[in-house]
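# Geometric and topological summary
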Amino acid sequence: MLKTITSLLFICLISINCFAQQPTKPNASQIYQSLEKLNFLGSVLYVAAHPDDENTRLISYMANHVKARTAYLSLTRGDGGQNLIGPEIRELLGVIRTQELLTARQIDGGEQRFTRANDFGYSKHPDETLAIWNKEEVLSDVVLAIRQFKPDVIINRFDHRSPGSTHGHHTSSAMLSFEAFDIANDKNRYPNQVKQYGTWQPKREFFNTSWWFYGSREKFDAADKSNLLNFDIGEYYPSSGLSNTEIAALSRSQHKSQGFGNTGTRGSQIEYIELIKGELPTDKSNIFDGIDTSWNRVKVGKVIGGILEKAQKDFNFTNPSASIPELVKAYNLIQNLEDYHWKAIKTKEIKEIIYACSGLYLEAVSESRTAVTLDDEAKLNIEIINRSNSNISLESLTMPYESDIRKGLNLIKNKPLKIEDVVLINKSIDTEAPLTTPYWLTEKGTLGMYSVKDKSLIGLPETPRYLNVTFHLNIEGSPISYTKPIIYKTNDPVKGEVYKPFEIIPEASAKISEKVIIFENEEQKEIPVIVKAGRDNLEGSITLDYPNDWSVFPKQQKINIEHKGQEQTIIFTIIPPKNQSEGTLSPIITIGNSKYTKELIEIDYDHIPFQTVLLPSESRIVRLDIKKRGENIAYIEGAGDVVPESLKQIGYNVITIKPKDITAENLNKFDVVVVGIRAYNTVEALNFKQDILFNFVENGGNMIVQYNTSHRVKVDNIAPYPLTLSRDRVTDEFAEVTFLNAKHEVLNSPNKITQEDFEGWTQERGLYFPNEWSKEFTPILSMNDKGETPKLGSLLVAKHGRGYYIYTGLSFFREFPAGVSGAYRLFANMLSIGKNEIPNPLEIKN
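What this report covers is the structure whose coordinates are included nearby. Just so it is clear, the model here is predicted, and its values are computed rather than measured.

This part takes up the pattern of salt bridges. Working definition: two side chains of opposite charge can pair if their charged atoms are close together. One pass over the full model with this rule turns up 38 salt bridges. We note a salt bridge from Lys 329 to Glu 326, for which the minimum N-O separation is 3.5 Å. Linking Lys 329 with Glu 326, this pair stays in helix H13 (residues 324-334), spanning three residues, or about one helical turn. On the basis of relative accessible area, Glu 326 is assigned to the partly exposed category, the value being 23%. Its salt-bridge partner being Glu 631, residue Lys 628 comes within 4.0 Å of it at the nearest N-O pair.

As structure tokens, then:
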């Protein structure tokens, strides 16, 4: 009967989701589920391209029902997506989405892996994708994942046989997985991997198909399913009160930056997988058919299995610590296994079960400081408690860069042992000491690949914590050690106990708040540079690196900051050249013999752990030949972008207004209303404001609507005239642009737009262009990716009453942060339309 009881680790995690560093404290039912998984020796690797591509229903089913060790290999970190919760894009968005995946795996019970592939944006064909990614390197990372994880079964999210029918990244992930299936067992391919991890041959590989890939449910129902396996992934777990599909929905809902909040479903639901390599199971309800997933799989495992089966059978839900003697016996036997792979996995699992059964709590906390610099020190408080009747003693503690602290203390039941004011000295081992930052961002990569200098980190979801304390314990006569990261902990009056990671930061960092600084004329600007101290009594100097045809005054300034964490704002005067020019402005801090050129960025959202990122501190400076008309812009925020800040850079007065403030009276103050990206996908209240906005245009105002997806549009009418959104997009940022109406005002006034204005664009031309529109609209531009028909809907202009309505799918939200001058000039024309000094025949007559 006990075998029917399941409980899911995610319960604790959900309840403390907003304090993501807080340690998990599993209850008896959760410990029992861990025992069940301990007795299953089988692995599944799920493969796709991006965060949010994964099928959380199937991952949860494999992890929680089958009890298999289950991992998701996402080839990219999702840098090329959009961000619905904040302004972060590109690398910083990749950091957010990485953590969203890790949070999702905590909920559905899976593990997470990556390759070095960079999500460079939408790609229409795997040929393009694999050329930009560097196919050989990404393939080696997929092979590495297989050799390290050693899956019995691989499941691909996408079909490797349909290139060009979907996102090129999607098909590429399946193609690489399909190829790696055999290569992983070839000792001559990537021999350096073989030396460390050996070869591996998965038993079988599947494609996670569904009716969607067949085009309709009817076609799928009629299809030959002899090569398909199916599972009812609607399994219900009584001890948690949730169905597997509800768990999957909670997991998927962690992709908050992509707006993937998901409502859980209940009831039977069939999932299909199609065999594409290996042997078809005789028992089609068992993906591991023919694979020994018991302890008999490893040499002398039968004895271990017998002990653990007894521990599972005799598990006492009111006293889990009663299992500890048997668990310790099994732990010692596992240490003698010859199979290094399963030895490492099962050692980790059984240690955590022993820890949970004993009610152990081990913590090393900095309560006064969130970070240290190299050669810095901090005081730690250490808490140790044994909440069981088990015989447990603390033998010693190992601190970072220090010899062991000997204790030899018995841990009496429920009596806390607190060691206060332990001094941590963070010694600099060498010049490459590991500062806290995502490891894949420490080196400059390419458009399609991250550069990872330390090859041992490839595949890891995040940078390992280097500041840890190891607690060397003796549990029931056996030495067992636990390593815990040092954390920072404080009490919030509202949230209560709040955890953050304890970081290693540079002694100085600098940032220029504006990442793009536009000079619309020859006037100089005063630019503030913010220096932040990583330690007390910071003294040094700061200079700026800048293009040769620009001038900066003064050349050097002093830094003097008394306390760690404080900032000093230093003003430099930047003098642009007379002619159009672009370049980079970079602060350089000198402290003694050391130079610092990084910006310390903090990412703080409730649904993921606090993140510290170090990136090159630089801003784009642009001397722009630009003219504009009008002054006042009302900006309606959508999914998050920096367009308002960018428009302020070229001299506009931009006011962000909320839907409740959209009234005829308020809009009278503005020349133009600009609607942010995906506003009509995310802001439901706008459906009740469209008539007011259209009346604003009719009365002489201008309205510019930036791109929205064709799915989940929340307004009845996007435009005052019929307009249909599509999935048309141009992903090649170098695609040729043709002027359909070269004499149109939007291309001529106040700035003359030429082909040069479409040079230097980044990631793409645009996305989700309309493909149908009424006669009132004038298409301005034509563009297309190689081998495709021209797309005419990137920029549409319609006269409406005395004003103009403009819809554009051009990616201004990407081009502005990159300082693309042509994008600014074109947008200025869009804002200025109808306000240029063009004689009005009616006014002349009057």
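A few words on the sheet that holds strand S21 (residues 508-511). Spatial strand order, S21-S23-S27-S25: four strands in an open sheet with antiparallel pairing. For this open sheet the edge positions go to S21 and strand S25 (551-553), each flanked by a neighbour on one side alone. On average, each strand axis in the sheet is tilted by 30 degrees relative to the strand beside it, whichever way the strands run.

A cis amide bond links Phe 553 with the next residue in sequence, Pro 554, at an omega value of -10 degrees. Note that the residue after Ser 749, namely Pro 750, is joined by a cis bond; omega there is 0 degrees. Within the fold, Pro 750 resides in the loop between strand S38 (737-739) and strand S39 (766-773). Located in the positive-phi region is Glu 476, a residue other than glycine, with phi close to 50 degrees. Among the structural elements, Glu 476 can be located in the loop between strand S16 (468-475) and strand S17 (478-485). Exposure remark for Glu 476: the relative accessible area of 30% places this residue in the partly exposed category. In this structure, Asn 537 is a non-glycine residue whose phi angle is positive, near 55 degrees. By secondary structure assignment, the location of Asn 537 is in the loop between strand S23 (525-533) and strand S24 (538-545).

Below, the discussion takes up the pairing of strand S36 (residues 702-705). Residues of S36 alternate between two faces, with Asn 702 and Ile 704 on one and Met 703 and Val 705 on the opposite face, all of them buried. Two strands pair when backbone bridges link them, and strand S35 (residues 672-675) and S36 are joined in this way by four bridges, in the parallel orientation. Pairing of Val 672 across the sheet is with Asn 702, part of S36. Where S36 meets strand S43 (residues 803-808), four bridges bridge the pair, whose relative direction is parallel. Within the sheet, the bridge partner assigned to Val 705 lies in S43 and is Tyr 807.

The seven strands are arranged S34-S33-S35-S36-S43-S42-S40 in an open sheet whose pairing can be described as mixed. The sheet is open, and its two borders are formed by strand S34 (653-657) and strand S40 (777-779), each paired with just one other strand. Each adjacent strand pair in this sheet contributes to an overall mean axis angle of 20 degrees, direction not counted. By the bridge criterion, six bridges tie strand S42 (residues 795-800) to S43 in an arrangement that is antiparallel. For Ala 798, the partnering residue across the bridge sits in S43 and is Tyr 805. Relative to the sheet, helix H20 (residues 821-832) contacts strand S33 (632-636), S35, S36, S42 and S43, its axis offset from that of S36 by approximately 140 degrees.

What counts and what doesn't
Residues numbered from 1 in each chain as written. Predicted model: local features only at pLDDT ≥ 70, side-chain atom pairs only at ≥ 80, totals over all residues. Heavy atoms only, no water. Salt bridge = Lys/Arg side-chain N within 4 Å of Asp/Glu carboxyl O. Helix = DSSP H or I, 4+ residues; strand = E, 2+ residues; numbered from the N terminus. Buried < 20%, exposed > 50% of the residue type's maximum accessible area, 1.4 Å probe, protein only. Pairing = 2+ DSSP bridges. Axes fitted to C-alpha atoms, helices over the stretch in contact; angles between N-to-C directions. Contact = heavy atoms within 4.5 Å.

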